[in-house]
Amino acid sequence: MLIDCHTHASRARAVPRASGTDYALVEELIAKLDELGIDRAVLLSGVAPEARARFVPPEDVIEMYQRYPDRLIPFCSLDPRSDRNSTDSDFRRFLRIYRELGCRGVGETTCNLPFDDPLVWNMLAACADEGMPVTIHIAPALGGYYGLYDEVGLPRLERTLREFPDLIIFGHSQPFWAEIDARVTAENRNSYPSGKVEPGRLVALFERYENLWGDLSAGSGHNAISRDPEFGNAFLEQFRDRLMFGTDFAYPEHKPPNADYLRSIRGQISDEAWENVAWRNINRILGLGLEG
């Protein structure tokens, strides 16, 4: 079985991204899952204005999920500036309603605020209280990017992990996964560094914080475990209880390499590690109750 922890779709065509691509329609997402041999997928929502040109509110995700309840796993999304742009905003009331409608987590969180901004922490506190894991996208700077801002070394992420030990954070994006290597720099952290890996800051954070999980989707997650296969396989083995397969499929022409690569290393890591990454971890953390 394969469960994808990170996909995107929309109910209708709208304003395309600057690249000219637009989110896949939900029917195109299902077709891509069939093509890649993926059984189920988390469908993320997005409401931050920084996240390119496309809004996908939780209500749209829930509607798409209701059309394909055996294939899609809905996540709601919150912007910490919504509901009066105040640290007094109570996001628990949103989360409770969205959970009743089927949502299993929160994300993708793409607002371009400091990771430890009081507004962000207010939202994350609600997620922790309601037991909702959060998929986050880390950005390398404030302005000109989407995603929560953190510096090289991810100090703001660490402060957040320490502040909210009961909050499960699904880490994602180039600046997140580039930190797998100790030689990460400000210049290459928002790209796909190559070469052998010298275990870096991210490895230390995984060792220290049980509430940090790894979303292996997109080119960033793929690059982290494939650029140095020996290291990548050891990383998958060491953290086999907190890593999740994903693609970040977003537009109809997209051909993510993640599923083929995971299948290619079967036999190079233990069966337990492979099955956990492929589907068991996300099945467990989201309480899906599936049996392989």
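Bear in mind the structure is a predicted one, so any value in this text is a computation, not a measurement. (Residues numbered from 1 in each chain as written. Predicted model: local features only at pLDDT ≥ 70, side-chain atom pairs only at ≥ 80, totals over all residues. Heavy atoms only, no water.)

**Q** So what's going on with the overall build of the protein? Which residues, and what values?
**A** Scanning the protein from terminus to terminus reveals 11 helices and 10 strands. Computed over C-alpha atoms, the radius of gyration of the protein comes to 18 Å, within 12% of the 19 Å expected from 2.2 N^0.38 for 292 residues, which places it in the range of a compact globule. Along the three orthogonal principal directions, the C-alpha set of the protein runs to about 50 × 40 × 40 Å. Each of the 292 residues in the protein was classed as buried or not, and the buried ones make up 60%. Relative to all contacts within the protein whose residues are 6 or more apart in sequence, the contacts with residues 24 or more apart total 74%. With an accessible surface of roughly 11700 Å², the protein has 48% of that area assigned to carbon and sulfur atoms. Put simply, the protein has 32 plus and 45 minus side-chain charges, and the middle of one group is 1 Å from the middle of the other. (Helix = DSSP H or I, 4+ residues; strand = E, 2+ residues; numbered from the N terminus. Rg over C-alpha atoms; globule rule 2.2 N^0.38 Å. Buried < 20%, exposed > 50% of the residue type's maximum accessible area, 1.4 Å probe, protein only. Contact = heavy atoms within 4.5 Å. Areas by Shrake-Rupley, 256 points an atom, 1.4 Å probe, with all protein chains shown as cover. Lys, Arg positive; Asp, Glu negative; His and termini not counted. Charge placed at Lys NZ, Arg CZ, Asp CG, Glu CD.)

**Q** Account for the sheet that holds strand 1 (residues 3-7), naming residues and giving values.
**A** The pairing of strands in a sheet happens through backbone hydrogen bonds and is either parallel or antiparallel. An order of 1-2-3-4-5-8-9-10 is seen for the 8 strands of this open sheet, with the pairing classed as parallel. One side of each edge strand has no neighbouring strand; the edge strands of this open sheet are strand 1 and strand 10 (243-244). Bridging between strand 9 (residues 212-215) and strand 10 involves 2 bridges; their strand directions are parallel. Counted as the bridge partner of Asp215 is Met244 from strand 10. (Pairing = 2+ DSSP bridges.)

**Q** Tell me what's going on with unusual backbone geometry, and back it up with residues and numbers.
**A** Excluding glycine, residues mostly have negative phi values, and the peptide bonds linking residues are mostly trans. Look at the link from Gly107 to Glu108: it is a cis peptide, with omega at 20°. Looking at the secondary structure, you find Glu108 in strand 4 (residues 105-109). In this model, Asp83 sits at a positive phi of 55°, which is unusual for a non-glycine residue. Residue Asp83 is classed as partly exposed on the basis of its relative accessible area, which comes to 23%. Phi is positive for Asp248, close to 65°, though the residue is something other than glycine. Positionally, Asp248 belongs in the loop between strand 10 and helix 10 (258-264). Look at Asp248 and you get buried, because its relative accessible area is 15%.

**Q** Describe the state of the cysteines, naming the residues involved and giving the relevant values.
**A** Simply put, disulfide is the name for a covalent bond between the sulfur atoms of two cysteines. All told, the structure shown has 0 disulfides when counted by the stated rule. In this model Cys103 remains outside any disulfide bridge; the closest cysteine sulfur is found in Cys76, 4.6 Å from its own. Since its relative accessible area comes to 2%, Cys103 is described here as buried. Sulfur of Cys111: no disulfide; nearest cysteine sulfur belongs to Cys127 and is 11 Å away. (Disulfide = S-S within 2.5 Å.)

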